[in-house]
Amino acid sequence: MFPMPFEVPNRILLGPGPSMTYPAAMQALATPTIGHLDPSLLALYAEEQTLLRHVFQTENEWTFALSGTGTSGMEAALANLLEPGDPILVAVKGYFGARLAEMSTRLGVQVDRIEKALGEIFSVEEIEAALQRKPFKLLALVHAETSTGAEQLHIAEIAAAAHRHGALLLLDTVTSLGGIPVRIDAWEVDAAYSASQKNLSAPSGLAPITFGPRAREVVEKRKTPVSSFYLDLHQYADYWNGAHAYHHTASASLHFALHAALNILVEEGLESGFTRFRANAERLWVGLEELGAPAFIPPAYRLPPLTTARVPEGVDPHAVRARLLQEHNIEIAAGFGALKDTVWRIGLMGYSSRPENVDLLLSALKSLFR
Ligand SMILES: Cc1ncc(COP(=O)(O)O)c(C=O)c1O
């Protein structure tokens, strides 16, 4: 029975995440481990902060990569910004917006939600009308809703509306960061978080996060300690930039990999990456249309990193997905909730976003539709 060797298949990851890890990031994982307080790791954090600020397009001093997946970024943002009883408005247009609302409820805050049908986005007027209901401390919404493939547009206008009504804006950029423009300072977004395994194409396990001056002031003026010791951003600031005191045993390996992946992104240049990712997505959209599986989201707010494709009449979506994995080693995902049986979710994120992957998927789908 022992040992128990395990063979991992070599997959082409075209689902909603993780994306395929850059080879350089895989190699970085094999770097010998160093301690979490090693001066060399602290120097790497400083570089990682510079890279993350560039990718988030911000000058925010409080920019870190938290130990944990994107959900830890979500939890950290809410737990640091909110105190029990605080009013929050959550704009829900899919599964991850609903998760923001659920997490807020668990934090013991007053949660108001506005909702859109799956596949739709909010207008600025709809958000502004909701902000008028009462003085909210925070407005939270998802930029790129991975459950539907819709991009919430007009973020700068939404931030301005939030500020006019005395609220801060928290933006989930898990599926947008590094894949489409995310302009934290220009849009005046107060706080945002992401994940290492989507458009950044590092392994999962780290959550980039950034807090601007208004958000930081809210944290600094808290009357109660942050409920989560692990995700307390004061402690992060101290560990990364301050006294470098022990907080937790961060994984040097994951930071080596994220640092390598971020370097790939900045070396290409953000804008040229966005253009390339869009071109690959357009290649996919044209091919899907030809196969009778057109994109579900209108082009005006369709996300290049995540496409929901309508399942053609008479095709069993789950059988096709299973055969793609078993026979072609290609991973895509089912739709979420009410869209479970009517769409597939296809990701073209970071290193997965390549013309050859698009062509492989299209030809595999074609053979399976016959
Ligand atoms: C928009 C969005 N927010 C949050 C998350 C949670 O991230 P993770 O699964 O890395 O915890 C995801 C994951 O897919 C996501 O797509």
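How each quantity is defined
- Numbering of residues begins from 1 in every chain and follows the order in which that chain's sequence is written.
- Two thresholds apply to this predicted model, a pLDDT of at least 70 for residue-level local features and 80 or more for giving and counting side-chain atom pairs, whereas whole-chain, interface and lining totals are computed over all residues.
- Nearness here is judged by the C-beta atom: place it from the backbone, and if it falls within 6 Å of a molecule or strand, the residue counts as near that partner.
- Throughout this entry, Asp, Glu, Lys and Arg are counted as charged residues, while Ala, Val, Leu, Ile, Met, Phe, Trp, Tyr, Cys and Pro are counted as nonpolar. The remaining residues, Gly among them, count as polar.
- For the purposes of this entry, the term helix denotes a DSSP run of H or I that reaches at least four residues, the term strand denotes a run of E that reaches at least two, and both are numbered from the N terminus.
- To estimate how far a helix should reach, multiply one less than its number of residues by 1.5 Å.
- Buried, partly exposed and exposed are defined by the number of other C-beta atoms within 10 Å of a residue's own C-beta, namely 20 or more, between the two limits, and 12 or fewer respectively, with C-beta atoms placed from the backbone.
- As used here, the arc belongs to the directions running from the helix axis to the C-beta atoms.
- By definition, residue pairs are in contact when their C-beta atoms, positioned from the backbone, come within 7 Å.
- Pairing between two strands is assigned when DSSP locates at least 2 bridges connecting them.
- Only the stretch in contact is used when fitting a helix axis, every axis being a line fitted to C-alpha atoms; angles between N-to-C directions are given from 0 to 180 degrees.
- A set of buried Ala, Val, Leu, Ile, Met, Phe, Trp, Tyr and Cys residues, joined to one another through C-beta atoms within 7 Å, is what we call a nonpolar core.
- Where each domain begins and ends is defined by an automated method or by a domain database.
- Angle categories are assigned with fixed cut-offs, so that under 35 degrees is roughly parallel, over 145 is roughly antiparallel, 65 to 115 is roughly perpendicular, and the rest are oblique.
- The handedness criterion is simple: a crossing whose near helix is rotated anticlockwise from the far helix by less than a right angle is left-handed, and one whose near helix is rotated clockwise is right-handed.

### Description of the site of the ligand
Link 1 in the chain: Close to the ligand lie 14 residues; Thr69, Gly70, Thr71, Thr146 and Val174 are nearest.
Link 2 in the chain: Within the shell around the ligand, the residues separate by chemical class into 6 nonpolar, 7 polar and 1 charged.

### Description of helix α13 (residues 355-369)
Link 1 in the chain: The terminal C-alpha atoms of α13 lie 21 Å apart, and with 15 residues this matches the ideal 21 Å at 1.5 Å per residue to within 8%.
Link 2 in the chain: What α13 keeps buried is the set Asn357, Val358, Leu361 and Leu365. In a view along the axis of α13, the buried residues occupy a sector of 100°, so they form one face of it. Residues of α13 that are exposed and angled more than 90 degrees away from the buried face: Glu356, Lys366 and Ser367.
Link 3 in the chain: The elements touched by buried residues of α13 are β1 (12-13), α11 (270-290) and β12 (330-331).

### Concerning the pairing of strand β11 (residues 306-310)
Link 1 in the chain: Most of β11 sits inside the fold, with 4 of its 5 residues counted as buried.
Link 2 in the chain: Two elements, β11 and strand β14 (residues 343-347), share 5 bridges in a ladder whose sense is antiparallel. Among the inter-strand pairings, Leu306 is bridged to a residue of β14, identified as Gly347.

### Comments concerning the sheet that holds strand β2 (residues 62-67)
Link 1 in the chain: If you walk across this open sheet you meet the 7 strands as β2-β10-β9-β8-β5-β3-β4, and the pairing is mixed. Whereas interior strands pair on both sides, the edge strands pair on one side only; in this sheet they are β2 and β4 (110-115). The sheet shows a mean angle of 20° between the axes of neighbouring strands, taken without regard to direction.
Link 2 in the chain: As judged from the 4 bridges shared by strand β3 (residues 87-92) and strand β5 (residues 138-142), these two strands associate in the parallel manner. Across the sheet, residue Ala91 finds its bridge partner in β5, namely Leu141.
Link 3 in the chain: The strands touched by helix α9 (residues 233-240) are β2 and β10 (206-211); relative to β2, the strand with the most contacts, the crossing angle is about 100°.

### Things to note about the nonpolar core
Link 1 in the chain: Counting residues in hydrophobic clusters, the biggest one holds 114 residues, and the most contacted among them are Leu81, Leu138, Leu139, Leu168 and Ala261.
Link 2 in the chain: The dominant element in this core, judged by the number of residues it contributes, is helix α10 (residues 252-268), at 8 residues.
Link 3 in the chain: Mapped onto the domain boundaries, this core takes at least three residues apiece from domain 1 (12-17 + 269-369) and domain 2 (31-266).
Link 4 in the chain: Residues within four places of Leu168 in sequence aside, it is in contact with Leu81, Lys137, Leu138, Ala162, Asp190, Ala191, Arg214, Ala215 and Val218.

### Things to note about helix α2 (residues 39-56)
Link 1 in the chain: Its 18 residues place the ends of α2 25 Å apart at the C-alpha level, agreeing with the 26 Å of an ideal helix rising 1.5 Å per residue.
Link 2 in the chain: Of all the positions in α2, only Glu48, Gln49, Leu51, Leu52, Val55 and Phe56 are classed as buried.
Link 3 in the chain: Elements in contact with the buried residues of α2: β2, α7 (184-187), β9 (191-193), β10, α10 and α11.
Link 4 in the chain: One or two residues past the end of α2 sits Gln57, with phi positive at roughly 55°.

### Quick notes on the packing of α11 against α13
Link 1 in the chain: Packing of α11 against α13 leaves a shortest axis separation of 9 Å and a crossing angle of 15°. By the angle between their directions, the pair α11 and α13 is classed as roughly parallel. As for how α11 packs across α13, the hand of that crossing is right-handed. On the side of α11, the interface is formed by Asn280, Arg283, Leu284 and Gly287, while α13 contributes Pro355, Val358 and Leu362.
Link 2 in the chain: Broken down by class, the residue content of the contact of α11 with α13 amounts to 4 nonpolar, 2 polar and 1 charged.

### As for the domain arrangement of the protein chain
Link 1 in the chain: The domain architecture assigned to the protein chain consists of domain 1 (12-17 + 269-369) and domain 2 (31-266).
Link 2 in the chain: Each of domain 1 and domain 2 was reduced to a C-alpha centroid, and the two centroids are 27 Å apart.
Link 3 in the chain: Listed as interface residues are 24 residues of domain 1 and, on the opposing side, 25 residues of domain 2.
Link 4 in the chain: For the side of domain 1 that touches domain 2, the secondary-structure elements that each account for two or more residues are α11 and β11.
Link 5 in the chain: Sort the elements by how many residues they give to the side of domain 1 that touches domain 2 and α11 lands first, with 4 residues.
Link 6 in the chain: A per-class count over the side of domain 1 that touches domain 2 returns 16 nonpolar, 6 polar and 2 charged.

### Here's the deal with the sheet that holds β11
Link 1 in the chain: Read from one edge of the open sheet, 3 strands run β11-β14-β13, paired in antiparallel fashion. Looking at the sheet topology across the chains shown, the edges are occupied by β11 and β13 (333-334).

### Describing the environment of Arg106
Link 1 in the chain: Topologically, Arg106 is positioned in helix α4 (residues 95-106).
Link 2 in the chain: Spatially, the C-alpha atoms of Arg106 and Ala159 are 25 Å apart, while their sequence positions differ by 53 residues.

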